[in-house]
Each structure stands twice: as C-alpha cells, then as structure tokens.
Amino acid sequence: MKGLLLKDFYMSMRYCRSVLIIVAVFFLLSLSPDGNLFFMLYPLILAGAIPMSLIAYEERDNWTTYSGTLPYSRAQLVCTKYLMGLICGVLTCCLSMVGIALRTLPDGQIAQVFAQGMMLLALSLVSPAVTLPFIFKWGPEKGRILFYVVLVGVSGLSGAVASIGQIPETLTVSLAAGAAALGVMALVFALSYRLSVLFYRKREL
Amino acid sequence: MDALDIRNLTKHYPGFTLDNLNLTLPSGCIMGLIGENGAGKSTTIKLILDMIRKDSGSIRIWGKDNAEGIRDIKQDIGVVLDEVGLPGCLTATQVEHIMRHTFKNWDAPLYASTLKQLSLPENKPFNTFSRGMKMKLGVAIALSHHPRLLILDEATSGLDPVVRDEVVEMFSEFTRDENHAVLMSSHIVSDLEKICDYIAFLHKGKLLLCEEKDELLAQYALLSCSEAQLSQLSPAAVAGKRVTPYGVEALVRREIVSTGMPVRPVSLEELFILMVKEEI
C-alpha cells in the first residue's frame, strides 16, 4: 500500500498545489486581528476534498482500471483514499492548532488548543466520510455534487451563525466535547470506510 | 502446469454474453486472442484479472483459482491494457518508486535498462508522452517485476512498425523460459501470426476455435474458384467464403477438398475474416 500512498502524494503535489497555497494563505489570515473561524474551517473543507479530487484525476487517466491489474485488494485501494483524507485533515488541523496557539497563548490554556484541535479534526473528516462512499459507488462526478451539497451546507451554517451575530473568532469547546466529537467522527469515518469497501468490491473496473 | 485454464466461463451484460468460454494456455507458450471489437477479448482479460465478476465458470492461473488470492497471483502477472492507465503527472522515475513498493520482485536495474532500450525519458510527465511511448512504458512496467504470465490487451497498437517489432521480439524472448506464458489480444493479426503458438478466435462472445497456430494454418487453405465450382464441394469442406464480382474466395478444410483443387495457404487474418464473415 506504500506504493499507492506514494502515488497519491505525487499526484497531490502536482494537482492540489492550489489547495496547499489556499491553506497557507488562510492560515496567515487566521493569524490577523480580523481572523475568524471561517479562516480555520475553509481550509479544512478544502483539504478534506483532496481524496475526491485525486479519484477524479484517476478516473480521467484510466488509473481506476489499471489499478485493478496491480496486486492490490479493493480494500487497500479504498483505504489509501481514507488515509489521504486523514493525513490531509491532520496536517491542516495541526496548522490550525498552531494558529490557535499563536493567537490565544500565553493568555489561553493549552487544553483549549487541543480541544479546538480535536473539534477541527472531527470537522475535517466530515467531507471525506460523507462523500467517499458515494464516489466509490457512483464515481467522482456524482460524488462532486454531494461535496458541493456539503459545502453549501457548511456555508449556510456559517451564514446562519453570521446572521445571528458576528462569526466567532474561534471555537470555545471543552476538552471532553472535543474528544467526544472526534470519537463520534472516528466511528463515522470507520463506518464510511466499511461502506466504501463494500461498494467498491462490487464495482466492475 | 498450464499457465491459464478457463472452464465454462460466462459473463452476461445487456446485449452481450461471453458464452461458456473454454481456454487452456500451456506454460512456455504465447496465445493470441483474436476477435472483432466487442467480441469479448477485454471482458475475458478483465475476468482473468478478477476486475469484473464472472457469472459462472472457473479460471485457474498456474493452478490457482483466481477467485482466491488474486493479489498474490497478480504478483506474477504483467499486464498491459490498451490504455496504460498511469496518472498523467507521473514521470517514469516516479513510476519506478511506486512500483518498487507494489511488486515484491520489482527489478529496478531491469526497469532502467528497459527504459533505455525503448528510448523512454525518465523525467518527463506521462501526459506528454505519445501513445506509442505510453504503451512502451506500460510494457517496461509489465516486464520489470519478473512476471510468469504476461497479459496484453492491444499492447502493440499505437506503436510504429520498428518499435512494434522490437516489443514483439521482447514478448517472444519472454517465453524462451518455459515457465513463462503470454496471452495477447491484438487487432494487428500479423503480430500474432509472427509469435503466437496458439490462436483463439472470439466472435460475438463465443469461442470459434482455439488451436495451435501451425496446425490451424495447415488445416485450412484458400480456394479461389467460381460459385459453380464451389457448389460441387461438400458443405463440410467450406468454413467460410467471400463472393466478389470476380468469383468466390473460400476458406476450405484441406483434408476434405480433393488434392487437385487450386488452393493456397491462408493467413490468420484471412482465416479469421472468412470465418466470421460469410459474405462481404
């Protein structure tokens, strides 16, 4: 599976450069005095979409069929995309945590940084967990539509929050709430993976 | 041991059925799979590689059922499909890094020398390659992990005649080791005629025949005659015919036609066309 991860890494470096740039820019913006929660959430959503983008490129290049000739199981092919989603989520989340720490420490508490970090990581996994089973069942085109639904949902939620008041500058969550959110999301992520494997095993390449 | 043994393989799609296919590819041999577009060649290859699900039948590769442990079996199979499905951004060097972690028997020096032999650049992205270069890279990958079985689906299409000859020679060289075997589908029947030991004709999902090439070419002949002359032959002697304004060209079984008839040797291409097309 190391070969598959390496391939995804090469592809991400080539095809997802714009995402990396946006993540970096938003990280810097989140540090500014005007920075708010949006600057932390948006890169997470984008990073969560990287596995979906990779699958779309793979379909275009006929890798999906070619991968069926290689000594990988369907579960391994699916697992790689979930690992990519997790890696992208963790890296973006770590960056966000650095931003939170720079903004809130030394006045804030380190526990709060970790609590927010866990909440953000849980949020970063929403997009791959929701979209990947659909993509493995129906392909990247329909999955993309679902991603936009998720994106509109998150934007709508942000809009609703903004209409009530100002977008909060940061999340305020307890360590227990952060851990609970991450635990629930880990479960959803695992179920999503199982579902994707089930779908992909039935798919004809 | 047979490299490949297919028994009663059936796969049904709306409008197409691969019907009760039986094939045996002995070790040390090259089998050519010939058929028109949509005859079932790619379906057969995908079924062998367990990329699609069979409806019934069995496929054994080196004695192992492909439904069990296909991952291990694929370690010993080199595949080139009609579209080499590598991501366009990858270079041949990056492909090497990926395949090194994919195949247990990956041979980096062999890959490097094959790239050199086929004049392939190491650091250019795959999407800048011509179709021929893409196929050559596919061939280089397929050969660089010491497979025992090569499965080639239109692997020589898109190659210029000189490179095609070189690649076909590489496949031929591959089967010098009698533990190796090649299953090769191609529209370029002359390539198959050049190197194949066995020929399988697929037509509309059915196997018309599967025989040793030399025996097949010895069995059949072409007879150019008039329609009246042809009607005097036993129907069993005629396997196919083509009527033109100048007469009839018939594919006949040598052992049934009388020795005095003006027959000439038949090529694989003519044999296949006349078998699947009664009349043009």
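Residues numbered from 1 in each chain as written. Chains lettered and ligands numbered in written order. Predicted model: local features only at pLDDT ≥ 70, side-chain atom pairs only at ≥ 80, totals over all residues.

Undergrad: Is there a simple way to think about the overall build of chain B in this case?
TA: A count of helical and extended segments in chain B gives 10 helices and 14 strands. For chain B, the C-alpha radius of gyration of 21 Å lies close to 19 Å, the compact-globule estimate for 280 residues. The principal-axis extent of the C-alpha atoms belonging to chain B is close to 65 × 40 × 35 Å. When burial is assessed residue by residue, chain B has 41% of its 280 residues classed as buried. Within chain B, contacts between residues separated by at least 24 positions form 68% of all contacts whose residues are at least 6 apart in sequence. (Helix = DSSP H or I, 4+ residues; strand = E, 2+ residues; numbered from the N terminus. Rg over C-alpha atoms; globule rule 2.2 N^0.38 Å. Buried ≥ 20, exposed ≤ 12 C-beta atoms within 10 Å, placed from the backbone. Contact = placed C-beta atoms within 7 Å.)

Undergrad: Would you mind showing me how to read the sheet that holds strand β14 (residues 263-265) of chain B here?
TA: Sheet strands pair via backbone hydrogen bonds, and the direction of the pair is either parallel or antiparallel. All names here are of chain B. Here 4 strands make up an open sheet; going across it, the order is β12-β13-β11-β14 and the pairing antiparallel. Strand pairing shows two members of the sheet lacking a second neighbour, β12 (238-244) and β14, which therefore form its edges. Recorded for the sheet is a direction-independent mean angle of 25° between the axes of neighbouring strands. Judged from the 6 bridges that link them, β12 and strand β13 (residues 247-253) form a sheet pairing that is antiparallel. From the neighbouring strand, V243 faces β13, where its bridge partner is V248. (Pairing = 2+ DSSP bridges. Axes fitted to C-alpha atoms, helices over the stretch in contact; angles between N-to-C directions.)

Undergrad: Which parts of the structure should I look at to understand the domain arrangement of chain B?
TA: Size of an interface: often given as the accessible area lost when the parts come together. Residue and element names in this part refer to chain B. Segmenting chain B into domains produces domain 1 (2-204) and domain 2 (216-276). A C-alpha centroid distance of 34 Å is found between domain 1 and domain 2. Taken together, the contact pairs 8 residues of domain 1 with 7 residues of domain 2. Among the secondary structure elements, those contributing two or more residues to the side of domain 1 that touches domain 2 are α7 (189-195) and β9 (198-203). Of the residues contributing to the side of domain 1 that touches domain 2, the split by class is 5 nonpolar, 1 polar and 2 charged. (Domains from an automatic or database assignment. Nonpolar A, V, L, I, M, F, W, Y, C, P; charged D, E, K, R; others polar.)

Undergrad: What is the right way to read the sheet that holds strand β8 (residues 181-185) of chain B from this model?
TA: Residues and elements named next belong to chain B. The strand order β6-β7-β8-β3-β9-β10 describes an open sheet built from 6 strands, whose pairing is mixed. Each of the sheet's edge strands pairs with one partner strand only, and the pair in question is β6 (77-80) and β10 (206-212). Taken over all neighbouring pairs, the strand axes of this sheet differ in orientation by 15° on average, direction set aside. As paired strands, strand β3 (residues 30-35) and β8 are joined by 4 bridges and run parallel to one another. The partner of G32 across the bridge, within β8, is M184. Contacts from helix α1 (residues 41-48) reach β3, β7 (149-153), β8 and β9 within the one sheet, and its direction differs from that of β7 by about 145°.

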